[in-house]
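Residues per chain, in single letters:
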Amino acid sequence: MKVISYNLQKHRAAGELTALAAEHDPDLLCVQECDVQHLPDRIGDLALADATQGNRLGLALFYRESAFHLQALRSIELKKSLHDRIAKPAHERVLGARLRDIDAGREFIAASFHAAPLTALNSLRRHQIRAALTELATLGDGLPQLMVGDYNYPVFKENLGHAVREHGYALTLSDDHTYTRYRVFRGHYDFATSSGFEIERVTTLPQRSSDHRPILVTARFD
């Protein structure tokens, strides 16, 4: 299974999604900072499962209808940072889907995630990540789970990795930096957390018009 995650930087990179999907042929496409009012219903072979509705800029998830049956959806609010309370950039920071793999005959949970911005503390983002994984699990007890997105966590990832492992999940970084706008903030911002999946690789795709580079996650059921 191939999953692309891409932060569109306030929708500016939305026009690249069709070409991105055509080039890499993903089974799932998870986007962040998209203008939900201007999303297409389809991108190539992928159908729009859902998008968050709390703000103009939010999250969306596309899936391959020929490979998966959509079973359930859930958007989730998380503990807010001070920036969230003042600027109100987003209410929902997780969008999850329960899907059934038609060929494998197995169900799983996939999600698009966007953590609080860099003005927040890492401890808050760790709390958001743990809470997101816990809430997503309610879509199906014990199902394999894969959450991709912009974690906004450039440093001290060993602390995050420890917290995620204690929660019963694995953290997998991309093979290169995904955020390059400011030299001092360069790092691995976009990655995956999972359970019940073997993550074969997370490939950082070439820079496009967003300040984030898209990632391509290749995964299979354990």
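Residues numbered from 1 in each chain as written. Predicted model: local features only at pLDDT ≥ 70, side-chain atom pairs only at ≥ 80, totals over all residues. Heavy atoms only, no water.

Describing the environment of A170
Then step 1. Relative to the assigned elements, A170 resides in strand β10 (residues 170-172).
Then step 2. Residue classification places A170 among the partly exposed positions, given a relative accessible area of 35%.
Then step 3. With 26 residues separating them in the primary sequence, A170 and G196 have C-alpha atoms 9.3 Å apart.
Then step 4. Contact partners of A170, with chain neighbours within four places excluded, come to V164, A192, T193 and S194. (Helix = DSSP H or I, 4+ residues; strand = E, 2+ residues; numbered from the N terminus. Buried < 20%, exposed > 50% of the residue type's maximum accessible area, 1.4 Å probe, protein only. Contact = heavy atoms within 4.5 Å.)

A closer look at the environment of H212
Then step 1. Mapped onto the elements, H212 comes out in the loop between β12 (197-204) and β13 (215-221).
Then step 2. Among residues more than four places away in sequence, those in contact with H212 are Y6, N7, D150, T178, Y179, Y189, D190 and Q207.
Then step 3. Polar contacts involving the side chain of H212 include one to the side chain of D150, which spans 3.4 Å. (Polar contact = N/O pair within 3.5 Å; in protein donor to acceptor, adjacent residues only side chain to side chain.)

Structural notes on the sheet that holds strand β7 (residues 92-101)
Then step 1. Pairing in this open sheet of 6 strands is mixed, and the strands run β6-β7-β8-β9-β11-β10 from one edge to the other. Every other strand in the sheet has two partners, leaving β6 (68-77) and β10 as the edge strands with one partner each. Between one strand and the next, the sheet's axes are offset by a mean angle of 20 degrees, whatever the strand orientation.
Then step 2. As paired strands, strand β8 (residues 106-114) and strand β9 (residues 145-150) are joined by 6 bridges and run parallel to one another. Each residue of the ladder has a partner; that of S112, found in β9, is V148. (Pairing = 2+ DSSP bridges. Axes fitted to C-alpha atoms, helices over the stretch in contact; angles between N-to-C directions.)

Focus: the nonpolar core
Then step 1. Residues L28, L61, Y63, L99, F108 and V217 are the most contacted members of the largest nonpolar core, which totals 24 residues.
Then step 2. Of all elements in the fold, only β2 (28-35), β4 (46-51), β5 (57-64), β7, β8, β9, β12 and β13 reach the threshold of two or more residues within this core.
Then step 3. With 4 residues, the top contributor of residues to this core is β13. (Core = buried A, V, L, I, M, F, W, Y, C linked by side-chain atoms within 4.5 Å.)

A short note on the sheet that holds β12
Then step 1. Spatial strand order, β3-β4-β5-β2-β1-β13-β12: 7 strands in an open sheet with mixed pairing. Of all the strands in the sheet, just β3 (42-43) and β12 have a single pairing partner and so form its edges.
Then step 2. Judged from the 5 bridges that link them, β4 and β5 form a sheet pairing that is antiparallel. In the sheet register, A47 faces β5, and the bridge partner there is Y63.
Then step 3. Across the sheet, helix α1 (residues 17-24) lies against β1 (2-7), β2, β3 and β13, angled at about 155 degrees from β1, the strand it touches most.

Observations regarding the pairing of β9
Then step 1. Among the 6 residues of β9, 6 are classified as buried, and the element is accordingly described as predominantly covered.
Then step 2. In terms of handedness, the path from β8 via helix α3 (residues 122-136) over to β9 forms a crossover that is right-handed. (Right-handed = clockwise from strand over helix to strand, strands pointing away.)

Description of unusual backbone geometry
Note on backbone geometry: most residues besides glycine have negative phi, and most peptide bonds are trans.
Then step 1. Unusually for a residue other than glycine, D25 sits at a positive phi of about 50 degrees.
Then step 2. Structurally, the position occupied by D25 is in the loop between α1 and β2.
Then step 3. Using a relative accessible area of 40% as the deciding quantity, one classes D25 as partly exposed.
Then step 4. Even without being glycine, E33 reaches a positive phi, approximately 55 degrees.
Then step 5. Mapped onto the elements, E33 comes out in strand β2.

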